[in-house]
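# Structural description and commentary
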Amino acid sequence: MDKPDLEAVAQEVFAALADPSRRGILAALAAGGPATATDLAAQLPITRQAIAKHLALLAEAGLVVAEPGERRRVRYRLDSAPMKVAQQFLAAFARDWDGPLAALQDRLK
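Anyway, here's the lowdown on the structure attached to this text. Residues take numbers from 1 onward in each chain, read along the sequence in its written order. Local features are withheld for residues below a pLDDT of 70 in this predicted model, meaning they are given only at 70 or higher, and side-chain atom pairs are given and counted only at 80 or more; totals for whole chains, interfaces and linings count all residues. Computation of side-chain values covers all heavy atoms of the structure but excludes hydrogens and water.

## Quick notes on the nonpolar core
- For the purposes of this section, nonpolar cores are sets of buried Ala, Val, Leu, Ile, Met, Phe, Trp, Tyr and Cys residues that join through side-chain atoms within 4.5 Å. Note on classification: 1.4 Å probe, protein chains only; a residue is buried when its accessible area is under 20% of the maximum for its type, exposed when over 50%, partly exposed between these limits. Ile 25, Leu 29, Leu 40, Ile 51, Leu 55 and Leu 58 are the most contacted members of the largest nonpolar core, which has 19 residues in total.
- Think of it this way: any DSSP run of H or I at least four residues long counts as a helix, any run of E at least two long counts as a strand, and we number them from the N terminus. At the level of secondary structure, the elements contributing two or more residues to this core comprise helix H1 (3–17), helix H2 (20–32), helix H3 (37–43) and helix H4 (48–60).
- It is H2 that contributes the most residues to this core, 4 residues altogether.
- With residues up to four places along the chain from it excluded, the contact list for Leu 55 reads Ile 25, Leu 29, Ala 37, Leu 40, Val 64 and Tyr 76. By definition in these notes, contact holds between two residues if any of their heavy atoms fall within 4.5 Å.

Structure below.
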């Protein structure tokens, strides 16, 4: 994967994580494992329809994967690969800032 693709993945992850409802959905999936929109609606203060919309965006960002289940029910599970890309992007960004910030701190002392 080349650098622009990594940045595009990171951009989608950051956009998906910007919403507290989506972060709540991810936290629920992390704590309880794969779940349907109905399962998540029973745990969270969000309607099933809103959860379904959030899950679609999370799936576009690659953070969740839809898996067909019994009786046409779709279960969603986490996929950590895009999150790891975003973490790498942030780590590289932090490295770019560490040197100049340390130099500024030394200069201010």
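## Describing H4
- Here the expected span of a helix is defined as 1.5 Å times the quantity of residues minus one. With 13 residues, H4 ought to run about 18 Å at 1.5 Å a step, and its terminal C-alpha atoms sit 18 Å apart, in line with that.
- Buried residues of H4: Ile 51, His 54, Leu 55 and Leu 58, and no others. The arc enclosing the buried residues of H4, seen along the axis, measures out at 105 degrees, which places them on a common side. Opposite the buried face of H4, by more than 90 degrees, sit the exposed residues Lys 53 and Glu 60.
- Trailing H4 by a residue or two, Gly 62 shows a phi angle of about 85 degrees, which is positive. Summarising the geometry, the arc corresponds to the directions from the helix axis toward the C-beta atoms.

## Side note on the pattern of salt bridges
- Any carboxyl oxygen of Asp or Glu within 4 Å of a side-chain nitrogen of Lys or Arg constitutes a salt bridge here. Counting across every chain of the model gives 3 salt bridges.
- Residue Asp 39 is joined to Arg 75 by a salt bridge in which the shortest nitrogen-to-oxygen separation is 3.9 Å. On the criterion of sequence distance, the pair formed by Asp 39 in helix H3 and Arg 75 in strand E2 (residues 74–78) is long-range, its members being 36 residues apart.
- According to the relative accessible area criterion, Asp 39 is partly exposed, its value standing at 27%.
- Where Glu 67 meets Arg 77, a salt bridge forms, and the shortest distance between an N and an O atom there is 2.4 Å. Here Glu 67, found in strand E1 (residues 64–68), pairs with Arg 77, found in strand E2; they are 10 residues apart in sequence, far enough to count as distant.

## Digging into H2
- Taking 1.5 Å of rise per residue, 13 residues should cover 18 Å, and H2 covers 18 Å from first to last C-alpha, within 8% of that figure.
- Those residues of H2 lying buried are Arg 22, Ile 25, Leu 26, Ala 28 and Leu 29. With its buried residues spanning 160 degrees around the axis, H2 presents them on a single face. The exposed set on the far side of H2, more than 90 degrees from its buried face, consists of Pro 20, Ala 30 and Ala 31.
- You can read the cap of H2 off the contacts: a side-chain oxygen lies 2.7 Å from the backbone nitrogen of Ser 21, and it is on Asp 19.
- Count one or two residues on from H2 and you reach Gly 33, which has phi positive near 85 degrees. The definition of a polar contact used here is a pair of N or O atoms within 3.5 Å, where within protein one atom must be able to donate a hydrogen and the other to accept one, and adjacent residues in sequence count solely through side-chain atom pairs.

## Quick notes on the environment of Lys 84
- Topologically, Lys 84 is positioned in helix H5 (residues 81–108).
- Sequence spacing of Lys 84 and Val 13 is 71 residues, and the spatial spacing of their C-alpha atoms is 9.8 Å.

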